[in-house]
Amino acid sequence: MKRYSALELIRQGLGGHRGWDRVWRKPEPKPSYDAVIIGGGGHGLATAYYLAKLHGMTNIAVVEKGWIGGGNSGRNTTIIRSNYLFDESAAIYNHALNLWKGLGQELNFNIMMSHRGVLNLAHDEGEMRQLKRRVEANRLNGVDSEWLDAKEVKNFCPSINISGDIRYPVLGGTLQRSGGVNRHDGVVWGYARAADALGVDILQQTEVTGILTEAGEVTGIETTRGTIRTPKVASVTAGHTSVMANMLDIRLPVESHPLQALVSEPIKPILNCVVMSNAVHVYCSQSDKGELVIGAGIDAQLSYTQRGNLDIIEHQMASLMELFPIFSRLRMMRQWGGIVDVCPDASPIISKTPVKGFYVNGGWGTGGWKATPGSGHVFADLIAKDEPNRIAAPFAIDRFTTGALVAEHGAAAVAH
Amino acid sequence: MFVIDCPNCGPRDQSEFTYAGEAHIARPTETENMTDAEWAEFVFMRTNTKGLFAERWWHATGCRKFFNMLRNTATDEIHAVYRIGETPPKVTANLPATPAGEASIGSGNDAVKIMTRDEEAAS
Amino acid sequence: MNATLTAPVRRSPLAHRSAVSAPDDLLHLSERAFDAKIVLRGLPEVLAPAVGKVTGLAMPEATRSTANETHRLLWQSPDEFLLLGPVDGELELMAALTAELDGQHVQIVNVTDYHTTLVLSGPKARETLMTLSTLDLHPRGFALDQVAGTTFGHALGWLVQTRDDEAEGGPSFEILVRWSHADYLFCELTHGARAFGMPEARPVSGEKMEI
Amino acid sequence: MSQPYRVPGRGLINRDRSVSFTFDGREIAGYEGDTIASALLANGEIMVGRSFKYHRPRGIVGAGSDDPAAMVQIGSDPASTDPNVMVTTREIHAGLEARSQNCWPSLKYDVGVLNDVFMRFFPAGFYYKTFMGSDRFRWLNWMTFEPFIRRAAGLGKAPTRPDPDSYESVNRHCDVLVIGAGPAGLAAAANAARSGARVILVEEGDRLGGSLNATDPDGTTIGGKAPADWIVAQTAKLAEHPEVTVLTRTTAFGYYAMNFVGLIERVKDHLPEHRRDRRQPRQRVWRVRAKQVVLATGAIERPLVFNENDRPGIMLAGAVRTFLHRHGVLAGKRVLIFTNNDSAWQTAFDIRAAGGEVAGIVDLRRELSETMALRALKAGIAVHPRTAIVGTHGRHRIDSAFVSSLDDDGNVRGSRSRIECDLIAVSGGWNPNVALFAQSRGKLKWDAELASFRPGLSWQQERSAGACNGTMELQEVLAEGSKAGLEAARAADFTVRAVKQPEVETDAVQSLNLVPVWQVPSGLPREKTKAFVDLQDDVKASDLQLATEEGYDSVEHTKRYTTQGMGTDQGKISNVNAFGIMAEARGITVPEVGTTTFRQPYRPVTIGALGGQHVGPHFMPRRGTPMHAWHLEQKAIFEPVGDWLRARAYPKPGESFHDAVQREAKAARTTAGMLDATTLGKIDIRGKDARTFLNRVYTNAWLKLAPGRCRYGLMLGEDGMVSDDGVTACIADDHFHMTTTTGGAASVLQKLEDYLQTEWPDLDVWLTTVTEQWAVAAVCGPKAEEIVASVVDGIDLDPEEFPFMTWQDGTAGGIPVRVFRVSFTGETSYEINIPATYGRWLWEELIAAGKPHGLTPYGTEAMHLLRAEKGFIIVGQETDGTVTPGDLRMDWAVAKKKGDFIGKRSLSRSDTARDDRKQLVGLLTIDGDHVPMEGAQIIGTAEEPAPPVPMLGHVTSAYFSPNLGRSIAMAMVRRGGQRMGETVWIARLGDKPVPAKIVHYDFLGDAVGESA
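Below is a short write-up of the structure. (Residues numbered from 1 in each chain as written. Chains lettered and ligands numbered in written order. Predicted model: local features only at pLDDT ≥ 70, side-chain atom pairs only at ≥ 80, totals over all residues. Heavy atoms only, no water.)

**So, the overall build of chain B**
Next, step 1: Across its full length, chain B carries two helices and six strands.
Next, step 2: Going from N to C terminus, chain B has its helices and strands arranged as β-β-β-α-β-β-β-α.
Next, step 3: For chain B, the share of sequence-separated contacts (at least 6 apart) that also reach a separation of at least 24 residues comes to 43%.
Next, step 4: When the accessible surface of chain B is split by element, carbon and sulfur atoms take 51% of a total near 4900 Å². (Helix = DSSP H or I, 4+ residues; strand = E, 2+ residues; numbered from the N terminus. Contact = heavy atoms within 4.5 Å. Areas by Shrake-Rupley, 256 points an atom, 1.4 Å probe, with all protein chains shown as cover.)

In structure tokens form, the structure reads like this:
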């Protein structure tokens, strides 16, 4: 693998850019692999990379029904943070955050990781209490997080309207300075290139049509490019997790919903951090190209259509006007939708299943992107050892039987 | 936004309705004797069908009645509405060609949106 | 009775608003408060004799209303109806219906104070409603005596057309809106009718929110 | 006002009305009916801005919303300035101020041009290959470089002050929505209208007619009429039908599910300030639900991709015609035509007919039609078949082109010759504008003759007609439009008969005979060829080829790696060329490459317009109680609780919020306090099975509650977690009055209806919400009885007669009231329910009656404090969706023997049955003056160790209690119930943890005494 560097760019520039290597091979599927990962998104490719790099499993394949990074990896708003309430969540998301920090260098691929800070705003008493609880839990868990009052919020992000006149005034917020955004395609491509260099076969345009078992154990998969034998199949198909599991008659506690996002036309920098607000429903940052990247809500109904409704966007824009009235004259340039599978406790599933050799990673809801390296790292460990490590263990499916949920969404319960 | 044909009020904009999840999941009656796993199956586990799916909606602003609907979740085509307690009618739908794949028309998957030769020949 | 009390004052949610009109009689918006309003829950065949006897009204078909000089009965669902009657007449109406329906599987609830009635009339009434409602409000889609429970922006309400489009002054609509949404809806309707010269009502504000 | 490029006698502008505006501070003259683009061109200005990446000069290329890069900043007012406005669509008016963007210090001398100089080092995707830090220089990473790179980002500048304009959205239903008012759309609308159907006709431009406005008026007649007259006649016909709505300056931006189409109408941007109707919004979103849609969106011309094809002065051939016929502007003095198809020849003929000079026709094709060649010969136009433009010259506008002939393989043969010209009119063919069709989920098919995609299989109730369907001849376009209009009306259940269509006579070139050439050869090596595909984001053919070679060969990967089609124009003119170049690079066909996704919106839509009128004061209803105005008069401080606004405290002048709360809470226990409790949810429950029903929805037993009595109940989800609570009163054996939390009112009602309708339809129970039927004043404290007695009649308030947890009916001033003897404070308390319209009156009567007794109104904050003193929970504060009744140590509220209830089975799961779960306790800080922070974490050590610190739980509520003279707190603590009397520590940022003692949470009980 030819290493990327500024020097190499200059050398190639002088030579007309004719000497670059292919980023990844286009292999034919082998008849068998030691493990097959279904899903060529960020999580799947990260899983493959860590399996090959840390566990020496290089005879493996990533099977992708379309093009890599074409699912939720290519459709999210790339917000990175780890300020989760519960110890279990903080552990995995912070594990991911730590991996993000050196990832570009490790992969020799610029993922444009920008630790520009993530603000979570509070608009009422309940949210203040919630967010303060979270800040303190984060601090004690070693997660960087701090509380800002409304004026400090304004200082950190001058574009925000903190006037008391609005319907839900900003009362304060939390700031995770190490949070930020990155370049989603870069992450996918960086992992793919690095995994490929370690020998992983990336099989694009290869759709899984069945999972083969014998005596309750996985023996292979059927694909649109033929049968592949393997003792380990790992589904990392967020959005389609149930579709994969249903092939083995495994029902999961997830529902798939469209989640929309949009970008504005590019404008000169005006928003230099990430702003999130639950009550007013705004998730916004500005890309390095100048577009405002805005996350919208999920449609209430189950759907796999990868598109959502206009009213979600309309309400989203009205909400944006509450916090950023100066964005009113800018224009929405492009809207799109992804499919997120949501668990009842708003925490993911990283788990073995009743079928030996079949592993599931999914149910990330609206927040899977930020976990990408951590998710891949611990999932690889689970696949290699057939046992979850300390970080992955709380996210096993059996928590829905025992009741030991990691109820991050409980944080949103409001009533008095 | 969908237009949902409420069995009582007629076609109305989706904004009047509340989605209420998978249909035909009856609440168990003998809960005491169930295992934790059986109970979890009722409370949490869902089929999350890609394709023809029976679901419940609530006409929140109108008649406040729950009803069932058959919808293709791969395409968002609504095939039927029917009342609570009724069995789902038989319908034909554009079902996904492969388990994870897409319906033969009106793909939601961005990778497939040009007519196939077969489709061209048929049209 | 406690002699120290002042006489009870009945205030509507829009007591602070006066009726507004757009020039050239294009549009009128006003509140009609204190109509008696009774929710009747039960099957229509169970309710029909009592309703007929007390009000003289027949049970309405689905999505319709029936009306006479004094009462109007709105269909709300197959087993739910909203009866409107004379101002301040709710207790008498409750009593009469309760007596007639005694022992039946019905529910009779006084919701006189739950809703107020906004009256929107004039040739531009439909267009004004279309700024807030997703209903098909073309005369072909919504006609005299028709009823719909729906949203108007973020407010919930029951819409009924009470005067025909051909009548003098154009169509008239009534919206039954809950107390706490009444001011929002009043303001949104005047806001939506700006283009017709309607003077705009601004939402009441002035709340202080601080820590 | 010279306007040297204006052609006398041509154009549909109003020459009687001169309009001038400024561009970069210079005054530019034009006429009413001009766009910024046409006025600039009339004055010989063609360069408008700089490109995104290399800051290369960018000029006007198209004549409509397809133009890729000619954008300006409008206005300089910090509130109303408007970035990235396309000069080709913005009409001019007096006072308009336009500025070039993405250049500094000026359009002509821009330092950003350095990027251009080093272009060879900035190929597609170069960012991915550097700035990631190296082993030796870790700090040389993205965080170091990003701030500098960011500075160069973006095009125009956002306003820095709130938008002074307003927006609105409106809803419409129609039978037939016709999108595009060119010949096909007009024919469709007119035919659909005859049926009596409700028709909406949408036109993006300011006038109807579409391509007919860009047609030589002397060369074509329709039914014997000149095109302009035919348009007028059609418009008049439409006006005869009352059910037809015609919207101009309106773009259909999004085609969503079930024939829901979003339109954006630009209501007044085209008007000078003084003519803008203040009552009208700036823009209006039309949310149209159509039974049938006719797409008549025309075709978009695509340029040719050749070396140095991005200089200002290179324009689409069709745009040249549009400017000529629509605006009376001939954009060049000496125009060279460059094409691979017949249509661009028309541009040459039209220029000659208008008296302009044509430098020649450079045609890539070998075979040219004889009739066309003859026409060119007659017009004195030099034709260069089998020739390519291989380079251009000119700094801010081209001054010449270099051409070479091509050999049989399409390679450059022989030497370059120079043709002087100041405008190159270029055409690479026409792409049916299928954006909305694709958004509707229709499938495209490849049309080899057009070398482009056109509509294939429809998915929704729509049909395409005219150029957007690949039909280019006017007679056929009209026929297709008519047919579409008729079919749409019929499909919407209307009856209409076909009528004879007008005959078209035209000498316009209608043939295409296209030979696709995706990249014109330059005879130069790839790295020396600057052949641009996407003019906005500076994507060159070589970038697409490099991406393909590197393995980013899926169309989506190529797009993302190179940013092809990702600018504000979303690749309208460039995408098909890009697909062609990708196909060649991969050695496959264009349909095998496929397309990227046609996303909404078709054209960027103002964010404020999407928010519509539902912004600012109209964002969300402010739900207030009947006493709200009184609270406002008292200058109360409010808090939002869901949509409600509740009075949080009533500070007196000069009093702090904290002091007010302390005073209010003290009064409630020493004299009397009064709370507006109206917002609590209330449900009237009636039916013979009401008790059974309550027994199943609450955790405790309800079968024996006697009429006249009240009971507190907890409600769980099926997951066993506490979801709501409240007091329910038994009115009669079959009649109950339930209260819920304020926030839970709607969801509890939905849940109860759900169980009744779907799980237990056999139960005879009716539910009706009465939340807002009743205004509720809760009077509590030692003087409460006296105060209530002086207002309420018909109830003996003697505790013997009216004990705790009962209710009675009475009257106040003759108005029926219902009084509940329940308490959320621990004090004797009366919740007086009165019909809401009397709420304000009752409240004021109580205030007056209570005055001699020291009655103090208290807000929600004092309410929270008072209930905490008594150890009452608040669902949503003590609970967070993870808390069982056992966790709250409220097992007394769970009837284990009564049979099933919602959530019961979950309580015995292995994790929920654990005895080491977090449980609710009281906390007394050792330092009674210290009030812990709500949300603070509880740890087991006096010093805070290094993270991760094991956490035992958290503080859910904390107050300074004026009645106990010390702080109190409630907390969820692991195994809390078994730790009474133990000391734990409350962690604090930047300070030592605070020790506190675990006690029972009823602080008015024994807890405080125990700790003393």
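**Overview of a nonpolar patch on the surface**
Residue and element names in this part refer to chain D.
Next, step 1: Together, Leu 114, Val 117 and Phe 118 make up a nonpolar patch on the protein surface, roughly 300 Å² of accessible area in all.
Next, step 2: With respect to the helices and strands, the residue Leu 114 is situated in helix H2 (residues 114-117).
Next, step 3: Classification of Leu 114 by relative accessible area gives exposed; the value is 52%. (Patch = residues over 30% accessible without salt bridge, like charges linked within 9 Å, V, L, I, M, F, W, Y side chains within 5 Å. Salt bridge = Lys/Arg side-chain N within 4 Å of Asp/Glu carboxyl O. Buried < 20%, exposed > 50% of the residue type's maximum accessible area, 1.4 Å probe, protein only.)

**A short note on the pattern of salt bridges**
Next, step 1: Taken as a whole and assessed by the stated rule, the structure comprises 121 salt bridges over all chains.
Next, step 2: Close ionic contact of Asp 537 of chain D with Lys 289 of chain A constitutes a salt bridge, the shortest N to O distance being 2.7 Å. Placement of Asp 537 of chain D in the loop between strand S29 (532-534) and strand S30 (539-540) and of Lys 289 of chain A in the loop between strand S15 (282-286) and strand S16 (292-298) is noted, with the two residues assigned to different chains.
Next, step 3: Classification of Asp 537 of chain D by relative accessible area gives buried; the value is 3%.

**Focus: the sheet that holds strand S40 (residues 774-780) of chain D**
Residue and element names in this part refer to chain D.
Next, step 1: Here six strands make up an open sheet; going across it, the order is S41-S42-S43-S40-S34-S44 and the pairing mixed. Edge positions in the sheet fall to strand S41 (807-812) and strand S44 (855-857), since each of these pairs with one other strand and no more. Each adjacent strand pair in this sheet contributes to an overall mean axis angle of 25 degrees, direction not counted.
Next, step 2: Examined bridge by bridge, strand S34 (residues 672-676) and S44 share three bridges and lie parallel to one another. Paired with Ala 672 across the two strands is Leu 855, which belongs to S44.
Next, step 3: Along the sheet face, helix H21 (residues 839-850) touches S34, S40, S41, strand S43 (829-835) and S44 and points at about 145 degrees away from the line of S43. (Pairing = 2+ DSSP bridges. Axes fitted to C-alpha atoms, helices over the stretch in contact; angles between N-to-C directions.)

**Here we look at unusual backbone geometry**
Next, step 1: Residue Pro 105 of chain D is reached from Trp 104 of chain D by a cis peptide bond, and omega for that bond is 5 degrees.
Next, step 2: Tracing the backbone shows Pro 105 of chain D in the loop between strand S7 (97-100) and H2.
Next, step 3: Note the cis peptide between Pro 947 of chain D and Pro 948 of chain D, where omega equals 0 degrees.
Next, step 4: The topology assignment puts Pro 948 of chain D in the loop between strand S46 (937-939) and strand S47 (953-961).
Next, step 5: For Asn 48 of chain B, which is not glycine, the phi torsion reads 55 degrees and is therefore positive.
Next, step 6: Structurally, Asn 48 of chain B is set in the loop between helix H1 (36-43) and strand S4 (52-58).
Next, step 7: Residue Met 258 of chain D is not a glycine yet carries a positive backbone phi of 55 degrees.
Next, step 8: On the accessibility criterion, Met 258 of chain D (25% relative accessible area) is partly exposed.

**Description of the pairing of strand S18 (residues 357-363) of chain D**
All names here are of chain D.
Next, step 1: Judged by how many residues are buried, S18 sits mostly within the fold: six of seven residues are covered.
Next, step 2: As paired elements, strand S17 (residues 334-339) and S18 share six bridges and run parallel to each other. Within S18, the position partnered with Val 335 by the bridge is Val 358.
Next, step 3: Regarding the hand of the β-α-β motif, the stretch spanning S17, helix H7 (residues 343-353) and S18 is right-handed.
Next, step 4: In this sheet, strand S19 (residues 383-384) lies alongside S18 in parallel orientation, the contact comprising two bridges. In the sheet register, Val 362 faces S19, and the bridge partner there is His 384. (Right-handed = clockwise from strand over helix to strand, strands pointing away.)

Remember, this is a structural readout, not a statement about activity or role.
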